[in-house]
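Descriptive analysis of the structure
Spelled out from the first residue to the last, the chains are:
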Amino acid sequence: MSGHSERLTDVVAATVEVAAESGLSGAFSDEVARALTAVVGKIATKVVADAEIGGFVSGWQEAVDAMGEKRKSTMGAQVYRMPSSGVDV
């Protein structure tokens, strides 16, 4: 998720920079704060969704690859039947 977190870090850094500049110029207000918060929230939601989808896709591909390897391989899980002791459980 490094690419995703870097993108979010860049957005947060830019937002803080804008907030600081508007504070220095005396233009920082509740509306500016809400707008900047909304920007960070929307980007964060998108970044998390992208990371989850990317994680799911890579996990799915890994599982499919593992199943393909298992089918090609003569090794794998083997089932051994134990002889019955004659006692029903």
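Within every chain, residues take consecutive numbers counted from 1 along the sequence as written. Under the rules for a predicted model, residues below a pLDDT of 70 receive no local features and side-chain atom pairs below 80 are neither given nor counted, while totals for whole chains, interfaces and linings still include all residues. As a rule here, side-chain values come from all non-hydrogen atoms in the structure, and water together with hydrogens is ignored.

**Notes on the environment of Leu36**
- In this text, helices come from DSSP runs of H or I with a minimum length of four residues, and strands from runs of E with a minimum of two, each type numbered from the N-terminal end. For Leu36, the location among the structural elements is in helix H2 (residues 30–72).
- Distance from Leu36 to Val11, taken between C-alpha atoms, is 9.9 Å for residues 25 residues apart in sequence.
- Note on contacts: a residue pair is in contact if any heavy atoms of the two residues lie within 4.5 Å. The contact partners of Leu36, leaving out residues within four places of it in the chain, are Thr15, Val18, Ala19 and Phe28.

**Digging into the side chain of Ser22**
- Residue position: Ser22 is located in helix H1 (residues 2–24).
- For each residue, the accessible area found with a 1.4 Å probe, counting protein chains only, is set against the maximum for its type, and the residue is called buried under 20%, exposed over 50%, and partly exposed in between. Overall, the relative accessible area of 11% leaves Ser22 in the buried class.
- What Ser22 contacts, discounting residues up to four positions off in sequence, is Ala27, Phe28 and Val32.

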